[in-house]
Amino acid sequence: MVATADLNNDGKLDLVSANKTTSTVTIRYGNGDGTYKVASSYIVGNAPTGLTFDDVNKDGLLDIITADQMAAMAKCCLEIQTELSAAQLPGKMFASGTTKM
């Protein structure tokens, strides 16, 4: 799944994809002219198949929320305003139901 949102509040759309086969989310920050910076991928759970955005922690930045296919879980990844170099986004898992998606 691929979606766009302004993750770092710079007025430019960023590209985010949930990658089921690698259990990662890939972020490409937008340049504002239809091009994007180099992609960064982060481990988020077990086979994310969907994503959405909301300011969960009310810090003024959109957070990435992924749906985890293999564990009937959702993970909320708190977005950090700078471009991360870490291997994993900080986040918390939440039960999303009793059956796998």
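Let me sum up the structure you'll find in this document. (Residues numbered from 1 in each chain as written. Predicted model: local features only at pLDDT ≥ 70, side-chain atom pairs only at ≥ 80, totals over all residues. Heavy atoms only, no water.)

1. With respect to the sheet that holds strand β3 (residues 24-28)
Working step 1: Taken in spatial order, the 4 strands make up an open sheet running β1-β2-β3-β4, and their pairing is antiparallel. Of all the strands in the sheet, the pair left with one neighbour each is β1 (2-5) and β4 (40-43). Averaged over neighbouring strand pairs, the angle between their axes works out to 25 degrees when direction is ignored.
Working step 2: Bridge count between β3 and β4: 4 bridges; the pairing is antiparallel. In the strand pairing of β4, T26 is matched with S41. (Pairing = 2+ DSSP bridges. Helix = DSSP H or I, 4+ residues; strand = E, 2+ residues; numbered from the N terminus. Axes fitted to C-alpha atoms, helices over the stretch in contact; angles between N-to-C directions.)

2. With respect to the side chain of T26
Working step 1: You can see T26 is positioned in strand β3.
Working step 2: Owing to a relative accessible area of 15%, T26 belongs among the buried residues under this scheme.
Working step 3: Ignoring any residue separated from it by four or fewer positions in sequence, one finds T26 in contact with L15, V16, S17, N19, A39, S40 and S41. (Buried < 20%, exposed > 50% of the residue type's maximum accessible area, 1.4 Å probe, protein only. Contact = heavy atoms within 4.5 Å.)

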